[in-house]
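Report on the structure
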Amino acid sequence: MARLMLAWAKRHIPEALLIPAGLGALTVTTLSDIDEVVPWGQELGIGVSELAFAYVGAYIFNWLIVERPRAKALQGYYVAAGTELEELVYSPVQIVQHLFLICNPAIDAPTSTSADNLERLLSSVNWAEMDKQGMHPEKFLGYIVESYKSAYQSLAPILNNFEPPVSVAIAQLNAQEIHRILKYLFDHPSAASMGNMQDIFVDALVRYQRAGLRLAQALEESRYTGRLKRRGSNGAPTTSLYSAVQAS
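Reference entry: report on the structure contained in this document.

Cut-offs and rules
- Residues numbered from 1 in each chain as written.
- Predicted model: local features only at pLDDT ≥ 70, side-chain atom pairs only at ≥ 80, totals over all residues.
- Heavy atoms only, no water.
- Helix = DSSP H or I, 4+ residues; strand = E, 2+ residues; numbered from the N terminus.
- Contact = heavy atoms within 4.5 Å.
- Axes fitted to C-alpha atoms, helices over the stretch in contact; angles between N-to-C directions.
- Left-handed = near helix turned anticlockwise from the far one by under 90°.
- Nonpolar A, V, L, I, M, F, W, Y, C, P; charged D, E, K, R; others polar.
- Buried < 20%, exposed > 50% of the residue type's maximum accessible area, 1.4 Å probe, protein only.
- Arc of directions from axis to C-beta.
- Phe/Tyr/Trp six-rings, centres within 6.5 Å; stacked < 30°, edge-to-face > 60°.
- Salt bridge = Lys/Arg side-chain N within 4 Å of Asp/Glu carboxyl O.
- Core = buried A, V, L, I, M, F, W, Y, C linked by side-chain atoms within 4.5 Å.

Below, the discussion takes up the environment of A204. Turning to its location among the elements, A204 is positioned in helix α11 (residues 198-221). Along the sequence, A204 and R180 sit 24 residues apart, while their C-alpha atoms lie 9.8 Å from each other. Setting aside its immediate chain neighbours within four residues, A204 contacts E177, I178 and I181.

Quick look at the structure:
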């Protein structure tokens with residue numbers, strides 16, 4: 001219980017400080033008619049009371065003038081950008097699932113996987129045969145990359161309007177090496193390209209998955225992303241966006 005309260009206080013510092021400020025103001029007001037125990041008791045009481053009332057007043061003013069309009073604006077941004085944000089979060093998931101679907105259809109495609117599993121999966125593929133069949137990476141991953149690019153370009157003009165953790169997570173996701181690797185593979189569609197870059201590709205994809213999870217977690221921890229937290233289509237139980245991405 002104490003740990004939960006401490007975690008709440010860390011996330012809501014102004015509200016946490018409001019509690020002792022309110023109690024301090026109430027206590028001083030209640031004890032104002034009682035004779036002072038020490039000579040400087042009245043001065044101390046006045047100082048504490050003025051400080052407490054000033055904080056309570058500042059909190060109310062800030063909530064009315066700053067926080068309330070900001071909360072409405074953030075909720076509006078997240079609602080307007082909901083589809084694009086989900087596109088970014090699920091981009092690593094879609095790449096992993098399509099790799100499993102193309103390389104080994106007999107295996108149920110997970111939403112995330114480890115480097116070892118990816119190494120085994122890609123090592124089992126006859127890339128020369130895939131090349132003969134015209135199954136180049138761009139053919140089965142190209143539309144995922146294009147969807148990601150379109151979503152990011154739509155968000156770029158309003159990126160600074162999101163909360164800092166969300167904006168940072170989006171920037172980190174977009175800076176992942178996997179984007180450059182996929183561009184190279186698309187520009188050099190041959191079995192040799194995928195075979196030669198397998199280790200680099202696997203490492204980059206694992207880091208891309210982690211970046212996607214960080215964005216999902218940042219959205220989950222926000223107080224203004226209610227719609228994005230409600231998952232569970234096709235009769236599945238409602239869960240969080242982070243849990244939906246993390247599930248394997």
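Now for the packing of helix α7 (residues 137-155) against helix α8 (residues 164-174). Running from amino to carboxyl end, α7 crosses α8 at an angle of 140°, the nearest separation of the two axes being 12 Å. Crossing handedness for the pair α7 and α8: left-handed. Two secondary-structure elements touch here, α7 through Y148, Y152 and L155 and α8 through I170, L173 and N174. Looking at side-chain class alone, the contact of α7 with α8 contains five nonpolar, one polar and no charged residues.

Among the residues making up α8, those that are buried are V166, S167, A169, I170 and L173. The buried side chains of α8 occupy one side of the element, clustering within an arc of 160° when seen end-on. With respect to the buried face of α8, the exposed residues turned more than 90 degrees away are P164 and P165.

Bringing helix α9 (residues 178-187) into the picture now. Given 3.6 residues per turn, any residue in an α-helix points the same way as the ones three and four places further on. Along α9, the residues classified as buried are I178, I181, L182, L185 and F186. Take α9 and look down its axis: the buried residues cluster within an arc of 135°, on one side only.

By convention here, two paired aromatic rings are described through the distance between centres and the angle between planes. Within this structure, the stated rule accounts for three aromatic pairs. Measuring from ring centre to ring centre gives 5.3 Å for Y78 and F162, while their planes differ by 15°; the resulting arrangement is stacked. Note that Y78 is positioned in helix α3 (residues 41-80) and F162 in the loop between α7 and α8, a separation of 84 residues in sequence. Y78 sits in the buried class, given a relative accessible area of 2%. On the basis of relative accessibility, which here comes to 4%, the residue F162 falls in the buried class.

Turning our eyes to something else, we now look at the pattern of salt bridges. Tallying each qualifying case throughout the model produces four salt bridges. For E146, the salt bridge identified is with K149, shortest N-O distance 3.9 Å. Of the two residues, E146 and K149 both sit in helix α7, three residues apart, roughly one turn of that helix. With a closest N to O distance of 3.1 Å, E177 and R180 form a salt bridge.

On to the side chain of T225, then. Looking at the secondary structure, you find T225 in the loop between α11 and α12 (226-229). Not counting residues up to four positions away in its chain, the partners in contact with T225 are Y78 and L219.

This part is about the nonpolar core. Judged by nonpolar contacts, the single largest core of 53 residues is most densely connected at L88, L99, I170, F201, L205 and L215. Of all the secondary-structure elements, those providing two or more residues to this core are α3, α4 (82-103), α5 (115-123), α6 (127-132), α7, α8, α9 and α11. The contacts of I170, once residues within four sequence positions are left out, are L85, L88, Y152, L155, L159, F162 and L215.

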